[in-house]
Amino acid sequence: MIESLLVANRGEIARRIIRTAKRLGIRAIAVHSEADADLPFVAEADQAVLIGPPNPALSYRNTEAILAAAKKTGAQAIHPGYGFLSENAEFARTVEASGLIWVGPGADAITAMGDKINARNLMAAAGVPVAPGTTDPAADLDAAVTAAAEIGYPVMVKAAAGGGGMGMGVAVDEAALRTEYDKVRAFAERMFGDGSVLIERYFPRVRHVEVQILGLADGRVVALGERECSVQRRNQKLVEESPSPAVSPELRSRLLAAAVRAGEAVGYRNAGTVECLLDPETNEFFFLEMNTRLQVEHPVTEYVYGIDLVEEQLRVASGLAPTFDPDALTPRGHAIEMRINAEDPKRFLPGPGVIRTWVEPTGEGVRVDSGYTEGNTVTPFYDSLLAKLIVSGATRDEALDRATAAVAAFQIEGPKNNVPFFAELLTNEEFLSGAYDTGIVSRMR
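First things first, this report covers the structure right here in the doc.

What counts, and where the lines are drawn
- Residues numbered from 1 in each chain as written.
- Predicted model: local features only at pLDDT ≥ 70, side-chain atom pairs only at ≥ 80, totals over all residues.
- Heavy atoms only, no water.
- Helix = DSSP H or I, 4+ residues; strand = E, 2+ residues; numbered from the N terminus.
- Rg over C-alpha atoms; globule rule 2.2 N^0.38 Å.
- Buried < 20%, exposed > 50% of the residue type's maximum accessible area, 1.4 Å probe, protein only.
- Contact = heavy atoms within 4.5 Å.
- Areas by Shrake-Rupley, 256 points an atom, 1.4 Å probe, with all protein chains shown as cover.
- Lys, Arg positive; Asp, Glu negative; His and termini not counted.
- Charge placed at Lys NZ, Arg CZ, Asp CG, Glu CD.
- Axes fitted to C-alpha atoms, helices over the stretch in contact; angles between N-to-C directions.
- Left-handed = near helix turned anticlockwise from the far one by under 90°.
- Nonpolar A, V, L, I, M, F, W, Y, C, P; charged D, E, K, R; others polar.
- Pairing = 2+ DSSP bridges.
- Core = buried A, V, L, I, M, F, W, Y, C linked by side-chain atoms within 4.5 Å.
- Disulfide = S-S within 2.5 Å.
- Expected span 1.5 Å × (residues − 1).
- Phe/Tyr/Trp six-rings, centres within 6.5 Å; stacked < 30°, edge-to-face > 60°.
- Salt bridge = Lys/Arg side-chain N within 4 Å of Asp/Glu carboxyl O.
- Parallel < 35°, antiparallel > 145°, perpendicular 65-115°, else oblique.

Along its length, the protein chain carries 15 helices and 20 strands. A compact globule built from 445 residues should have a C-alpha radius of gyration of about 22 Å, and the protein chain, at 21 Å, falls within 12% of that. With the principal axes as the frame, the protein chain shows a C-alpha extent of 60 × 50 × 45 Å. Within the protein chain, buried positions represent 57% of all 445 residues. Expressed as a percentage of contacts within the protein chain between residues at least 6 apart in sequence, the contacts between residues at least 24 apart total 65%. Roughly 17000 Å² of accessible area belongs to the protein chain as shown, and the carbon and sulfur atoms make up 50% of that amount. Positive and negative side-chain charges of the protein chain, numbering 44 and 60 respectively, have mean locations separated by a distance of 2 Å.

This part is about the packing of helix 1 (residues 11-23) against helix 11 (residues 309-317). Here helix 1 crosses helix 11 at 65°, and the two axes come no closer than 9 Å. For the pair helix 1 and helix 11, the crossing hand works out as right-handed. Touching Arg16, Ile17, Thr20 and Arg23 of helix 1 are Leu309, Val310, Glu311 and Leu314, all from helix 11. A class-by-class count of the residues in the contact of helix 1 with helix 11 yields four nonpolar, one polar and three charged.

Here we take up the sheet that holds strand 12 (residues 270-278). Strand pairing within a sheet occurs via backbone hydrogen bonds; the two strands may be parallel or antiparallel. The sheet built from eight strands is open, its strands ordered 13-12-9-10-11-14-19-17 with antiparallel pairing. Either end of the sheet is taken by a strand with one partner, and the two such strands are strand 13 (285-291) and strand 17 (366-370). Geometrically, the sheet is characterised by an average inter-axis angle of 25° between neighbouring strands, direction not taken into account. The pairing of strand 9 (residues 207-215) with strand 10 (residues 221-233) spans six bridges and is classified as antiparallel. Of the residues in strand 10, the one forming a bridge with Val211 is Glu226. Along the sheet, helix 10 (residues 298-305) makes contact with strand 9, strand 10, strand 11 (236-242), strand 14 (334-341), strand 17 and strand 19 (385-393), crossing strand 14 at roughly 160°. With respect to the sheet, helix 12 (residues 396-409) is in contact with strand 11, strand 14, strand 17 and strand 19, its orientation differing from that of strand 19 by roughly 140°.

Here the focus is the nonpolar core. What tends to happen in soluble globular proteins is that the nonpolar side chains get buried as a cluster. One finds Leu6, Ile78 and Val231 to be the most contacted residues of the largest nonpolar core, which totals 95 residues. Other than its neighbours up to four places away in sequence, Ile78 contacts Leu5, Leu6, Ala8, Ile66, Leu67, Ala70, Phe91, Val95, Leu100, Ile101, Trp102 and Val103. By size, the runner-up hydrophobic cluster in this structure holds 27 residues, among which are Met113, Val209, Ala223 and Ala258.

Okay, the pairing of strand 8 (residues 197-201) next. On any regular strand, side chains alternate: one points to one face of the sheet, the next to the other face. With four of five residues buried, strand 8 is to be regarded as a mostly interior element. Where strand 6 (residues 155-159) meets strand 8, five bridges bridge the pair, whose relative direction is antiparallel. Along strand 8, the bridge assignment pairs Val155 with Arg201.

Turning our eyes to something else, we now look at the state of the cysteines. Taken as a whole and assessed by the stated rule, the structure comprises zero disulfides. Of all cysteine sulfurs in the structure, the one in Cys276 sits closest to Cys229, which takes part in no disulfide; the separation is 11 Å. The buried category is assigned to Cys229, whose relative accessible area is 0%. Here Cys276 falls in the buried class, since its relative accessible area comes to 4%.

So, on to helix 9 (residues 249-265). With 17 residues, helix 9 ought to run about 24 Å at 1.5 Å a step, and its terminal C-alpha atoms sit 24 Å apart, in line with that. Turning to helix 9, its buried residues are Leu251, Leu255, Leu256, Ala258, Ala259, Val260, Ala262 and Gly263. Residues of helix 9 that are buried sit in contact with helix 6 (116-125), strand 9, strand 10, strand 12 and strand 13. Gly267, located one to two residues past helix 9, shows a positive phi value of around 60°.

Turning our eyes to something else, we now look at the packing of aromatic side chains. Going through the model one piece at a time under the given rule, you end up with 10 aromatic pairs. Summarising the aromatic geometry, the rings of Trp358 and Phe410 are spaced 5.4 Å apart at their centres and angled 90° between planes, so their arrangement reads as edge-to-face. Of this pair, Trp358 sits in strand 16 (residues 357-359) while Phe410 sits in the loop between helix 12 and strand 20 (411-413), and the two are 52 residues apart along the sequence. Of the two residues, Trp358 and Phe410, both sit in the buried class. Here the aromatic rings of Phe431 and Tyr436 are separated by 5.1 Å at their centres, their planes lie at 40°, and the arrangement is tilted. The exposure classification of Phe431 matches that of Tyr436, with both residues buried.

With that out of the way, let us pick up the pattern of salt bridges. Any two side chains of opposite charge can pair, so long as their charged atoms come close to each other. Under the defined criterion, the tally for this structure stands at 39 salt bridges. Arg205 is paired through a salt bridge with Asp437; the nearest N and O atoms lie 2.8 Å apart. Taken together, the positions of Arg205 in the loop between strand 8 and strand 9 and Asp437 in the loop between helix 14 (429-433) and helix 15 (440-444) put the pair 232 residues apart, joining distant regions of the chain. A salt bridge links Arg396 to Glu241; the shortest N-O distance between them is 2.7 Å.

This paragraph deals with unusual backbone geometry. Following Tyr153, the chain continues to Pro154 via a peptide bond in cis, the omega torsion being 0°. Residue placement: Pro154 occurs in the loop between helix 7 (141-151) and strand 6. For Arg234, which is not glycine, the phi dihedral falls at a positive 55°. According to the relative accessible area criterion, Arg234 is partly exposed, its value standing at 49%.

A few words on the packing of helix 3 (residues 63-73) against helix 4 (residues 89-97). Interhelical geometry of helix 3 versus helix 4 gives an angle of 30° and a closest axis separation of 11 Å. Classified by the angle their axes make, helix 3 and helix 4 are roughly parallel. Viewed along their axes, helix 3 and helix 4 form a crossing whose handedness is right-handed. Touching Thr63, Ile66 and Leu67 of helix 3 are Phe91, Thr94 and Val95, all from helix 4. Classifying every residue of the contact of helix 3 with helix 4 by side-chain character gives four nonpolar, two polar and no charged.

Interpretation note: all reported values are geometric properties and have no functional meaning in isolation.
Here you go:
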């Protein structure tokens, strides 16, 4: 097993990785910016290194500073968490070229899945269903108009190098496409350094369902069930649950088999997620993208399968067998995760500030993965995620009851936060029924 681990991230995910590392007797090393010096993950690490100012480009995305910290502390491995450099193939290659262990999938898999068009084509070749769309980038506006006419409106205009719900627009007709194409292309060039755009069929009513995969050290790829991720604002997730209330045993079998094929097609190792769109009318699903990293919502899978995914990541990176029997994976119960963000609960605009009060809920089936505590300052430099509230129960109804009690008990004063939104959601009949789709938040507003 790896003996020392540098966590190249911050906040709740850094704290969560450090917790597992220390449980396993692994020396946990944190890196942090000047803005994060007082956060819990820094104090809880066995060793912490300042790597730069608040600007992520000069700290958490600074490859040289992170590798220097690894050398200084004698780290044996680097875990990137999610975001920042987690899906940067060049960083993964540099880590390994430096003689360190990369706790994640191989750089080639990251590269293959990082380009949405290439990923679509690979998945189609592997027999994974993909939505109708372009097989090459739409080179210019005329090409996009031609492709959209063949696919049929409405269409989704997507940045080929995008991810995390960023770099997307919907066009219901040619006039809208002309506007969205230029907008998405400009955004993609600015954010990703790659203005390539693809055109896909857009489904007005759809569910977002994903499958957790794990590529084992022996070369096998296994699927650890599905997660429902349809409660979203601006194409970014707010709530995830497992299992999905929309997925029947027959559909689950098809979903998981397709996800395994997706992983096998790129020789996948370590943890990853195959994201799909599900048409609730036909039960057809289509490949959306593969996230080549640990997901924010991984705790719901941990509850349902009774495993620690970070531990499994570390075991794969160490060349060890998993803690579970890959041939006897049995899900149990139901789990729900709510992303507690520093944003107002109506328009979801960021609201940084000093945390005056922070009281986390407790009780059976309740877990809080937090990045902050009372007295910390939520700065505007990073993602607005404060914590993840995860609840579990023997059934979905029991999990919902525990979620309602936990949300009522979660007290945060200081920065704006979206806890009131979850209180509202947990009384929403559409959500409670389980028959919701990605439009549920817009219908609530």
